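Results of the structural survey
Given next are the chains, with one letter for each unit.
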Amino acid sequence: MVLDRLRRGSGRRDPKKIPDGLWIKCPSCSETVFKRLVEEQLETCPNCGHHFPMPAPQRIASLIDEGTWQEMDADLTSADPLSFVDRKPYPERVAQMRAKVQLNDALVSGQGLLAGRPIALAVMDFRFIGGSMGSVVGEKIARLIEAAIDQGLPVVIVSTSGGARMMEGIMSLMQMAKTSAALARLAAARLPYISILTNPTMAGVMASYASLGDVIIAEPKALIGFTGPRVIKETIKQELPEGFQTSEFCYEHGQIDLIVSRRELKDELARVLAYLGACKE
Ligand SMILES: [Zn+2]
C-alpha cells in the first residue's frame, strides 16, 4: 500500500523524478516496479513476469545450493591474436570490461550441487562484450565438459550471447567446432547435457553448443536464432511469420523442449536431471 501511494505520489509520472536505482520501468508491461522486488523474484517483473537480464553470479546463486559452488578456470583471459583495433584496441576493451563487470570473460564455469545433485555448470554473462564467444568462452566450456566426463557429471549451460566474438575472428569461430566436439565426447560417455537458452541466444552460440542439448529449455519470450530477423527478411525477401525467433515460436516448431520461467527453473532442472537418472548419488 505504501508502495502504491509512493508510486502514485502526486500523479507525477516523470521518470526523471524516480530516485536512481530504487525503481525500474518494466519494458514489457510499462509498470514502474520496485527494484528490490524484481531482485527477490530472480530479476523478473512482479507484475507481468517479464525476464530481465541476469548476471552470471546471480544465475549461479539461483541454481546452485548455497556453499557448494566451486568455480573453475576463473583466471583464463583472452589473448589478442589479431592485434584487433576497432574504436579501441581489443586488450583495452577486455581490460575495461573486466573492471566494469568484475569477471574475466563472458562465461563462468564450475561445479556444485543443484538440489543436492552434483552438476557441471557454465553460465554466460551478456554484460561482457554482449556475451560474445571468444577463445576463453570456448576453452572454459571444453574444460568443463572434460571434467564432467572424468567425474561422471551432467552438464548444464545457460546461454546468453550475440554470437562469436568478432575481435578474435577465426579463433572465435573455431570454438563452435571445439565445443561441439567436446559435447560429442560427453554424449559418447552417456552423460546428459541440458542447454538453457535465455534472452538473447544468437548466431555462433546458437549454432553450436546452445542448440546441442539433449534437453533444451528456454526462458519465456527469449530471442533465439542465428541471424537477426531484419537480415533474414532482406536476404530471402519474404515476410517472416508472427513471433519468429521467440522461445514460443521455437517451442511450437519443435526446436526446443520446454519453456520454463526463471522462478521455476531450479525445480524443473532437478526434475529433468532426476528423470535422466544421470546424477551420482
Ligand atoms: Zn512487467
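Residues numbered from 1 in each chain as written. Predicted model: local features only at pLDDT ≥ 70, side-chain atom pairs only at ≥ 80, totals over all residues.

**Considering the overall build of the protein chain**
Each helix and strand counted, the protein chain has 10 helices and 9 strands in total. A globule of 281 residues ought to have a C-alpha radius of gyration of about 19 Å, and the protein chain, at 20 Å, matches this closely. Projected onto its principal axes, the C-alpha coordinates of the protein chain cover approximately 65 × 50 × 45 Å. Considering the protein chain as a whole, with its 281 residues, one finds that 36% of them fall into the buried category. (Helix = DSSP H or I, 4+ residues; strand = E, 2+ residues; numbered from the N terminus. Rg over C-alpha atoms; globule rule 2.2 N^0.38 Å. Buried ≥ 20, exposed ≤ 12 C-beta atoms within 10 Å, placed from the backbone.)

**Observations regarding the nonpolar core**
Leu121, Val123, Val155 and Val156 are the most contacted members of the largest nonpolar core, which totals 54 residues. Those residues in contact with valine 156 that lie beyond four places of it in its chain are Ile119, Leu121, Ile194, Ile196 and Leu269. (Core = buried A, V, L, I, M, F, W, Y, C linked by C-beta atoms within 7 Å. Contact = placed C-beta atoms within 7 Å.)

**What about the pairing of strand E8 (residues 215-218)?**
Looking along a regular strand, one sees side chains alternate from face to face of the sheet. As paired strands, strand E7 (residues 193-201) and E8 are joined by 4 bridges and run parallel to one another. Among the inter-strand pairings, isoleucine 194 is bridged to a residue of E8, identified as valine 215. (Pairing = 2+ DSSP bridges.)

**Considerations on the sheet that holds strand E6 (residues 155-161)**
An order of E3-E4-E5-E6-E7-E8-E9 is seen for the 7 strands of this open sheet, with the pairing classed as mixed. Strand pairing shows two members of the sheet lacking a second neighbour, strand E3 (70-72) and strand E9 (258-259), which therefore form its edges. As defined by bridge partners, E8 adjoins E9 across 2 bridges and the pair is classed as parallel. Bridging across to E9, alanine 218 finds its partner in isoleucine 259. Strands E3, strand E4 (107-114), strand E5 (117-124) and E6 of the sheet are contacted by helix H5 (residues 135-151), whose axis makes an angle of about 175 degrees with E5. (Axes fitted to C-alpha atoms, helices over the stretch in contact; angles between N-to-C directions.)

**Looking at the domain arrangement of the protein chain**
Looking at the assigned domains, one finds that the protein chain contains domain 1 (1-50) and domain 2 (53-276). In this complex, domain 1 contributes 5 residues to the contact, which on the side of domain 2 involves 6 residues. Residue composition of the side of domain 1 that touches domain 2, by class: 1 nonpolar, 3 polar and 1 charged. (Domains from an automatic or database assignment. Nonpolar A, V, L, I, M, F, W, Y, C, P; charged D, E, K, R; others polar.)

**Some details on the packing of H5 against helix H6 (residues 169-188)**
At a closest axis distance of 8 Å, the pairing of H5 and H6 adopts a crossing angle of 10 degrees. In terms of their interaxial angle, H5 and H6 are classed as roughly parallel. Residues Ser135, Val137, Gly138, Ile141, Ala142, Ile145, Glu146, Ala148 and Ile149 of H5 lie in contact with H6, whose contacting residues are Met171, Ser172, Gln175, Lys178, Thr179, Ala182, Leu183, Arg185 and Leu186. A per-class count over the contact of H5 with H6 returns 10 nonpolar, 5 polar and 3 charged. (Parallel < 35°, antiparallel > 145°, perpendicular 65-115°, else oblique.)

**Describing unusual backbone geometry**
The linkage connecting asparagine 199 with the following residue, proline 200, adopts the cis geometry, with an omega of -15 degrees. In this structure, proline 200 sits in strand E7. One non-glycine residue, glutamate 43, lies in positive phi territory at about 60 degrees. Tracing the backbone shows glutamate 43 in the loop between helix H2 (35-40) and helix H3 (56-63). By the C-beta count within 10 Å, which is 18 here, glutamate 43 ends up partly exposed. A positive phi angle is found at isoleucine 129, which is not glycine, with a value near 45 degrees. Following the sequence through the fold, isoleucine 129 ends up in the loop between E5 and H5.

**Comments concerning the environment of glutamate 43**
Separated by 135 residues in the primary sequence, glutamate 43 and lysine 178 place their C-alpha atoms 32 Å from one another. Excluding its chain neighbours within four sequence positions, the residues that come into contact with glutamate 43 are Val38, His51, Phe52, Met54 and Gln58.

**Side note on the environment of aspartate 267**
Among the secondary structure elements, aspartate 267 is positioned in helix H10 (residues 265-276). Residue aspartate 267 is classed as exposed on the basis of its 11 C-beta neighbours within 10 Å. In the structure, aspartate 267 is positioned 198 residues away from tryptophan 69 in sequence and 18 Å away in space, judged by C-alpha atoms.

**A word on H3**
Among all positions of H3, only Ala56, Arg59, Ile60 and Leu63 are buried. When H3 is viewed along its axis, its buried side chains cluster within an angular range of 100 degrees and face the same direction. Elements that come into contact with the buried residues of H3 comprise E4, E5, E6 and H10. (Arc of directions from axis to C-beta.)

**Some thoughts on the pairing of E5**
Burial runs high along E5: 6 of the 8 residues are buried. Joining the antiparallel neighbours E4 and E5 is a turn of 2 residues, in which alanine 115 adopts a positive phi near 50 degrees. What joins E5 to E6 is H5, and the crossover it makes is right-handed. (Right-handed = clockwise from strand over helix to strand, strands pointing away.)

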